[in-house]
Amino acid sequence: MYEQSPPIDAQLVAGDQLIPVDTRLTSRYSLMVRFLNGNGFKDGAEFTDLLIRNQGKEIGLGPCRLICEPNIDGYAGRIVFLKEVYDLKRLVEENKVVRLQSSFLNVPLVLAHKKRVKREFKNYTSDLTYDLNVYKSLFDKLDEEYAEEAQSIRDSIQMAIINTEGVRFHRFLDDRLAELERMVKGFNRAEHESHGFYFRRQLWEIILTAPFMRRTNLKPRGYAGDSEMMSMIYENGYRGKSTFAKLMHKHPVGHPGAQAVRNRRKVIREMIRGVGDQRNPSGADPLKILSVACGPACEVQDIVQTAQDPGKYDFTLLDQDRNALQEAANGIDRVQRRLDGQVKVKYLNESVRTMLKTPNLPGKWGRFDFVYSMGLFDYLTPPVAAGVLGKLLKLLRPGGELVIGNFHVSNVSRYYMEYWLDWVLYYRTESDLKELLRGAPGDDVSVFFDETGVQMFLHVKRHESH
Amino acid sequence: MEGSMKLEIKPLWDEVERVREESASFLTSKGLEKDAVFSLSMVVGELVENSIKYGKQGDEKALVGISLDVSGGLVTVEVTNLVDDTAYAHLARLDRTIQWIRGFQDPFEAYVERMKEVARRQMEDKESGLGLVRIAYEGRAILDFFLDESEILNVSAVLNLE
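So, here's what we can say about the structure.

As a further point, take the overall build of chain B. The secondary structure content of chain B amounts to 5 helices and 5 strands. Helices and strands appear in chain B in the N-to-C order β-α-α-β-β-α-α-α-β-β. In terms of overall dimensions, chain B is globule-like: its C-alpha atoms have a radius of gyration of 16 Å, near the 15 Å expected for 162 residues. Overall, chain B is about 45 × 40 × 30 Å in size when its C-alpha atoms are taken along their principal axes. In chain B, buried positions account for 53% of the 162 residues. The long-range share in chain B, meaning contacts at least 24 apart out of those at least 6 apart in sequence, stands at 65%.

Now the structure itself:
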């Protein structure tokens, strides 16, 4: 590495003596050093400080030692640090002072956090951790038993295990979730938060085995509910490196909260097809549709099914996440190839929080026959939700319809999502959802639910005369 | 007890303490407990400080609006201010930060992570970014924002009194 890295302006300090050196990165945590001015030091020589100058600033990296190595290009060896260990690569490349031990600063704070956790809950979590580790070792042992078989044989054996012991294991998880709900349902928000934090710390290794749980907890795109999580929910299958991982992955994607996500996709498909048949039976004037926070927009693939369908619809898909828009575009591209037709789609990469700044949005995007947003309002507080909703209403054509999804306060998967998945939503009641309209006049307003009762929809139909 | 309060101030640092005090006495008059009053006053102070820091500078009309509403078991704090193009980069960061904070069930986790980041500070020290995390963790409030077509930035914090 050091041949390619730029020289670093540095001085070693030995007592009151400053020793000029030429240093270069040799690894993330050590530097190659060449002594200037004819200085020479023996292997193991210690220095009180290494002063480096980077981007105009001088910083002391503390006591260090020389480890001599065969002399290459005049370099005497490596400098390693004796107390504070710094990430030298980030220091040079990002100008950030990153102490390897900095995570330990918060140890007393994190350790003290457990004092807020009730004894009964600690017992529950401890028993659950034990039980899950027992199950994990049993399933892992079984995996080892047939690991030498051919892939097709391994797959069928694994499916047999999933269909027998896996079913019993899922029942065990159901029972433990019911116990969790009984224990925490009287908690206030602060108690949920501290107990959830404790729960995930205890079960972290188990959580990381399941691809879905791993993703909801780590949130690699910086927010919950990204398009990859949606794809996992839609798939509702078994993913993971082991039988245990597959079972842990499948359980939450099979829960009512996830079923509600699958149901809403169907609900929107049926509504759009219904509006299309009603408003545009001949297909001559394409139905203009706007999806806000569209994610992978799989419902578009469901809507466009026949060779006549591409001409019937004109979609505008908006999302803050470019990856999500790319996934939506890939899915629509597959539909186009299958039907050998062109689907009219416009992609908008924008956050709803800043979208509201656009003056005269109807003039810019046009007006729509159908505007929907399925999984956005679950993250918006009332002031922002009301602002977004008001803006979306202005985009409706006379007779146009708007559908907004929001999980209901009674979501039976709520504690599963919060404790296991670290996935918190802004839940609403029917009246909370209607109140966001702030009395928008001249529209028919109703609220309805999917089959699970988890997914609530606000439906606004603009009058033809509006 | 329900009710609301509205204030408008010039974007001056000296005004922050006055707003904090007026908010505290309003919330106390609505029967909120001492701890809630203390943490919500902190929330108001942090939001007003941010609005002064990132608001449009040198404009006579660029007042900071503060509104507090106590209703339906919620306390909603909204702080508004005029911004210009120079604030857009800040807004993109604000958007990411708010979603990141709200990605944790327990804001304590965001606080711990942010403290680590602060320890990994730039050699050229910039903002710590701790203010928003304090609102979520110490203020126990849910943060959100939007920018309207008059270029008024509205940053809100909602606390459920339960």
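This part covers the sheet that holds strand S15 (residues 455-462) of chain A. Residue and element names in this part refer to chain A. Strand order in the open sheet made by the 7 strands is S11-S10-S9-S12-S13-S15-S14, with mixed pairing throughout. The open sheet has two free edges, formed respectively by strand S11 (344-349) and strand S14 (443-449), since each of these has just one partner strand. Taking the axes of each pair of neighbouring strands and ignoring which way they run, one obtains an average angle of 15° across the sheet. Across 3 bridges, strand S9 (residues 287-292) lies against strand S12 (residues 368-373) in parallel orientation. Across the sheet, the residue bridging to Leu290 is Val371, located in S12. The strands touched by helix H11 (residues 322-339) within the sheet are strand S10 (313-319) and S11, with S11 carrying the most contacts at an inclination of about 170°. Along the sheet face, helix H14 (residues 382-393) touches S9, S12, strand S13 (396-407), S14 and S15 and points at about 155° away from the line of S13.

This part covers the sheet that holds strand S2 (residues 64-71) of chain B. Residues and elements named next belong to chain B. Reading across from one edge, S1-S2-S3-S5-S4 is the order of the 5 strands in this open sheet, with antiparallel pairing throughout. Whereas interior strands pair on both sides, the edge strands pair on one side only; in this sheet they are strand S1 (3-9) and strand S4 (142-147). Strand-to-strand twist across the sheet, computed as the mean angle between neighbouring axes with direction ignored, equals 15°. Of the pairings in the sheet, the one linking S1 to S2 comprises 7 bridges and is antiparallel in character. Residue Leu7 lies in a different strand from S2, and its bridge partner there is Ile66. Strands in contact with helix H1 (residues 15-29) are S1, S2 and strand S3 (74-82); relative to S1, the strand with the most contacts, it is inclined by about 170°.

Let's shift gears to the packing of helix H6 (residues 211-218) of chain A against helix H8 (residues 243-253) of chain A. Residue and element names in this part refer to chain A. Where H6 meets H8, the axes come as close as 7 Å, and the angle between the chain directions of the two elements is 65°. Contacts between H6 and H8 involve Pro211, Phe212 and Met213 from the first element and Ala245, Met248, His249, Pro252 and Val253 from the second. The residue inventory of the contact of H6 with H8, partitioned by class, reads 7 nonpolar, 1 polar and no charged.

With 76 residues, the main nonpolar core has Leu132, Met248, Trp420 and Trp423 of chain A as its most contacted residues. Among the elements that make up this core, the one with the highest residue count is helix H4 (residues 151-184) of chain A (9 residues). Counting contributing residues per domain, this core is built from domain 2 (109-254) and domain 3 (258-462) of chain A, each supplying no fewer than three. Setting aside anything within four residues of it in sequence, one finds Met248 of chain A in contact with Leu132, Phe169, Leu173, Ile206, Thr209, Ala210, Met213 and Trp420 of chain A. Counting 51 residues, the second-largest nonpolar core is a separate cluster that includes Phe197 of chain A together with Ala36, Met42 and Ala157 of chain B.

For the structure on display, the rule yields 38 salt bridges over all chains. The partner of Asp87 of chain A in a salt bridge is Arg28 of chain A, and the shortest N-O contact between them spans 2.5 Å. Of the two residues, Asp87 of chain A sits in the loop between strand S8 (75-81) and helix H1 (88-94) while Arg28 of chain A sits in the loop between strand S2 (17-27) and strand S3 (30-35), which places them 59 residues apart along the sequence. A relative accessible area of 6% places Asp87 of chain A in the buried class. Residue Arg28 of chain A is classed as partly exposed on the basis of its relative accessible area of 35%. For Asp144 of chain B, the salt bridge goes to Arg353 of chain A, with nearest N and O atoms at 2.5 Å. Note that Asp144 of chain B is positioned in strand S4 and Arg353 of chain A in helix H12 (residues 352-355), a pairing that runs across two chains. Via salt bridges that share partners, Arg200, Lys219 and Asp422 of chain A together with Glu109 of chain B belong to a single interconnected network.

On to helix H2 (residues 34-54) of chain B. Over its 21 residues, H2 of chain B runs 30 Å from end to end, which matches the ideal 30 Å to within 8%, given 1.5 Å per residue. Most of H2 of chain B is tucked away: 15 of the 21 residues are buried.

What counts as what
Residue indices begin from 1 for each chain and proceed along its sequence in written order. Chains carry letters from A onward and ligands carry numbers from 1 onward, assigned in written order. Note on the predicted model: pLDDT of at least 70 is required for a residue's local features to be given, and 80 or more for side-chain atom pairs to be given and counted; whole-chain, interface and lining totals, by contrast, use all residues. Calculation of side-chain values draws on the structure's entire complement of heavy atoms; hydrogens and water are dropped beforehand. Only DSSP runs of H or I covering at least 4 residues are called helices, and only runs of E covering at least 2 are called strands; the numbering of each starts at the N terminus. To get the radius of gyration, use the C-alpha atoms; to get the globule rule, take the number of residues to the power 0.38 and multiply by 2.2 Å. Residue burial is assigned from relative accessible area. The probe radius is 1.4 Å, only protein chains are included, and a residue is buried under 20% of its type maximum, exposed over 50%, and partly exposed in between. Two residues form a contact once any of their heavy atoms are found within 4.5 Å. The pairing criterion is simple: DSSP has to find at least two bridges between the two strands. Orientation is described by axes fitted as lines to C-alpha atoms, over the contacting stretch for helices, and by angles from 0 to 180 degrees between their N-to-C directions. Classes in brief: Ala, Val, Leu, Ile, Met, Phe, Trp, Tyr, Cys and Pro nonpolar; Asp, Glu, Lys and Arg charged; the others, Gly included, polar. By nonpolar core is meant a set of buried Ala, Val, Leu, Ile, Met, Phe, Trp, Tyr and Cys residues that side-chain atoms within 4.5 Å join together. For every domain, the bounds stem from an assignment made automatically or drawn from a database. Take a side-chain nitrogen of Lys or Arg and a carboxyl oxygen of Asp or Glu: if they are within 4 Å of each other, that pair is a salt bridge. One less than the number of residues in a helix, times 1.5 Å, gives the span that helix is expected to have.

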